[in-house]
Amino acid sequence: MQKVKVRIKNLGDQFGDYEFMLTQFDKNQRLKLASKKLVIFWTLAIFFILVPILHFVLVPLFLILGVVMFTRQMAQTSIIVEAQAQCPNCKHELILKDLKPQFPINDHCPHCRHGYRIHQI
Ligand SMILES: [Zn+2]
């Protein structure tokens, strides 16, 4: 686990500083997660062989998606599993889950619908 300091800022000048925990994936963990996604997508592709006409589109689509998701998962070395912060606008609690630590992250508050941006500091 590694800590990353972030600043959550709204469009104005309100902000809050937080520390989020990064979960690092080693090569074996990434391979395991990527393989799961590959199996899920390729199982769907096999299932769609049984669907007439649509199988011409869905089978190649899910075969390709399986490879794409496998590649993306292998490239993802860390993730913020869960973090808590406050909305800079309405001060409601934000629960952020499964964030990719590619800053800045743009999102919006589910309570007040205002946008905010998460920067690494
Ligand atoms: Zn809000």
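Note that the structure is predicted; figures quoted are calculated from it, not measured.

I keep staring at the pairing of strand 6 (residues 115–120) and nothing clicks. Help me out?
When a strand is regular, its side chains alternate between the sheet's two faces. Sheet topology places strand 1 (residues 2–9) next to strand 6; four bridges connect them, and they run antiparallel. Within strand 6, the position partnered with Ile8 by the bridge is Ile118. Across four bridges, the pairing between strand 5 (residues 105–108) and strand 6 is antiparallel. In the sheet register, Ile105 faces strand 6, and the bridge partner there is Ile118. Taking the residues that link successive antiparallel strands as the turn, the strand 5-strand 6 hairpin has six residues, and the phi of Arg113 there is positive, at about 65 degrees.

Please clarify how the domain arrangement of the protein chain should be interpreted in this entry.
Accessible area lost when the parts come together is the quantity often used to give the size of an interface. For the protein chain, the assigned domains are domain 1 (1–25 + 77–121) and domain 2 (27–76). If you average the C-alpha positions of domain 1 and of domain 2, the two centres end up 30 Å apart.

Any chance you could explain the sheet that holds strand 3 (residues 78–86) here in plain terms?
Strand pairing in a sheet is mediated by backbone hydrogen bonds. Such pairs are either parallel or antiparallel. Spatially, the six strands line up as an open sheet ordered 4-3-2-1-6-5, and their pairing is antiparallel. A single partner strand is all that each edge strand has here, and the edge strands are strand 4 (93–99) and strand 5. Here the average twist between neighbouring strands, direction ignored, is 25 degrees. Bridge analysis of strand 1 against strand 2 (residues 15–24) gives eight bridges, and the strand direction is antiparallel. Each bridged residue has a counterpart across the sheet, and for Ile8 the counterpart in strand 2 is Gly16.

Explain the environment of His114 to me, please; I cannot follow it from the model alone.
Among the secondary structure elements, His114 is positioned in the loop between strand 5 and strand 6. A tally of 15 C-beta atoms within 10 Å means that His114 is categorised as partly exposed. Each C-alpha atom, one on His114 and one on Asn89, is 7.1 Å from the other, the two residues being 25 residues apart in sequence. Non-local contacts of His114, meaning those with residues more than four positions away in its chain, are made with Asn10, Asn89, His108 and Cys109.

Would you mind showing me how to read the pairing of strand 3 here?
Examined bridge by bridge, strand 2 and strand 3 share two bridges and lie antiparallel to one another. Counterpart to Thr23 in the pairing with strand 3 is Ile79. As judged from the six bridges shared by strand 3 and strand 4, these two strands associate in the antiparallel manner. Each residue of the ladder has a partner; that of Gln86, found in strand 4, is Glu93. The antiparallel pairing of strand 3 with strand 4 creates a hairpin that spans six residues between the two strands, and Lys91 there sits at a positive phi of about 65 degrees.

Can you help me understand the nonpolar core in this one?
Side chains of nonpolar character tend, in soluble globular proteins, to be buried together. Val6, Ile8, Phe20, Cys87, Leu94, Tyr116 and Ile118 together form the largest nonpolar core, which totals seven residues. Put simply, the parts of the chain that give this core at least two residues each are strand 1 and strand 6. If we skip the residues at most four places from it in the chain, Tyr116 touches Ile8, Lys9, Asn10, Cys87, Pro88, Asp107, His108 and Cys109.

Got a minute to help me understand the environment of Ala34 in this structure?
Within the secondary structure, Ala34 is located in helix 1 (residues 27–47). Measuring from C-alpha to C-alpha, the distance between Ala34 and Val67 comes to 9.2 Å, with 33 residues separating the pair along the chain. With near-sequence residues (within four places) excluded, Ala34 lies in contact with Phe70, Gln73 and Met74.

Definitions and cut-offs
- Residues numbered from 1 in each chain as written.
- Predicted model: local features only at pLDDT ≥ 70, side-chain atom pairs only at ≥ 80, totals over all residues.
- Pairing = 2+ DSSP bridges.
- Helix = DSSP H or I, 4+ residues; strand = E, 2+ residues; numbered from the N terminus.
- Domains from an automatic or database assignment.
- Axes fitted to C-alpha atoms, helices over the stretch in contact; angles between N-to-C directions.
- Buried ≥ 20, exposed ≤ 12 C-beta atoms within 10 Å, placed from the backbone.
- Contact = placed C-beta atoms within 7 Å.
- Core = buried A, V, L, I, M, F, W, Y, C linked by C-beta atoms within 7 Å.

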